[in-house]
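Observations on chain architecture
Each chain, letter by letter, is given below.
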Amino acid sequence: MSVAAVVDGVEVPVAEIDAREAQLRASRIASSLPRPGTSEGRQLRRWLTQLVVTEKVLAAEARARGLTAAGAPALAEVIPDMTVRMELGSVAASVLGDPLARAVYASVTAGVDVGGAEVSAYMQRNPRRFTTFDEAYGHLLGAARRRAFRLWLDARCAAVVTLAPGYEHPGDPRQPDNTHRH
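Under the annotation held in an unreviewed UniProt entry, the protein chain carries the name Malonyl CoA-ACP transacylase and is attributed to Mycolicibacterium phlei DSM 43239 = CCUG 21000.

Structure, rendered in structure tokens:
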């Protein structure tokens, strides 16, 4: 069995990435996907690998915390708009489509808060942005929780995920198909 990654000691077979790619290529967005075997096609597989391993990390965390999807926040509560989706990043935003992942999000970020002084200072710097303290507080609290979740998720994945050669993160500058240049 060929392995794309290992998540907390459990192998993720290449066949699982193949199946996810086949599912995507059979969907209505197939015509917008890069051709298989091209640099962009390999990057798509790397992204799919990130998605699969992140789903597995969150599922394991939900089990470890004894969480279920019951009572998870609504998707619109966690990702209210496209700006937030971009702020979270494509993988984190995609996995948060699953209510169980949102239950982990709520658990991980439950202790995050912002202080009144921070909200007041924000309102002074942005006097026309919000009309009430509660609106500004909600905005800053959401941003603080998303940041805490992203940092936790990055650290958790770094701790328990090992990627096989060819399945590196799409943005890893060491992999040959990386095109992000400055």
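Under the counting rule described, the total for this entry stands at ten salt bridges. In this structure, the salt-bridge partner of Arg65 is Glu61, at a minimum N-O distance of 2.6 Å. Placement of both Arg65 and Glu61 in helix α2 (residues 39–65) is noted, with a separation of four residues, approximately one turn of the helix. Glu87 serves as the salt-bridge partner of Arg146, at 3.1 Å between the closest nitrogen and oxygen. Placement of the pair is Arg146 in helix α8 (residues 133–160) and Glu87 in helix α4 (residues 82–88), with a sequence separation of 59 residues. Given a relative accessible area of 7%, Arg146 falls into the buried group. Residue Glu87 is classed as partly exposed on the basis of its relative accessible area, which comes to 32%. Via salt bridges that share partners, Asp18, Glu21, Arg25 and Arg45 belong to a single interconnected network.

This brings us to the sheet that holds strand β3 (residues 161–163). The strand order β2-β1-β3 describes an open sheet built from three strands, whose pairing is antiparallel. The open sheet has two free edges, formed respectively by β2 (10–13) and β3, since each of these has just one partner strand. Between one strand axis and the next, the sheet turns through 20 degrees on average, direction left out of account. In terms of strand pairing, strand β1 (residues 3–7) meets β3 through three bridges, oriented antiparallel.

Attention shifts here to the packing of aromatic side chains. Tallying each qualifying case throughout the model produces three aromatic pairs. An aromatic cluster is present here, built from Tyr105, Phe149 and Trp152 joined pairwise through their rings.

Criteria and thresholds
- Residues numbered from 1 in each chain as written.
- Predicted model: local features only at pLDDT ≥ 70, side-chain atom pairs only at ≥ 80, totals over all residues.
- Heavy atoms only, no water.
- Salt bridge = Lys/Arg side-chain N within 4 Å of Asp/Glu carboxyl O.
- Helix = DSSP H or I, 4+ residues; strand = E, 2+ residues; numbered from the N terminus.
- Buried < 20%, exposed > 50% of the residue type's maximum accessible area, 1.4 Å probe, protein only.
- Pairing = 2+ DSSP bridges.
- Axes fitted to C-alpha atoms, helices over the stretch in contact; angles between N-to-C directions.
- Phe/Tyr/Trp six-rings, centres within 6.5 Å; stacked < 30°, edge-to-face > 60°.

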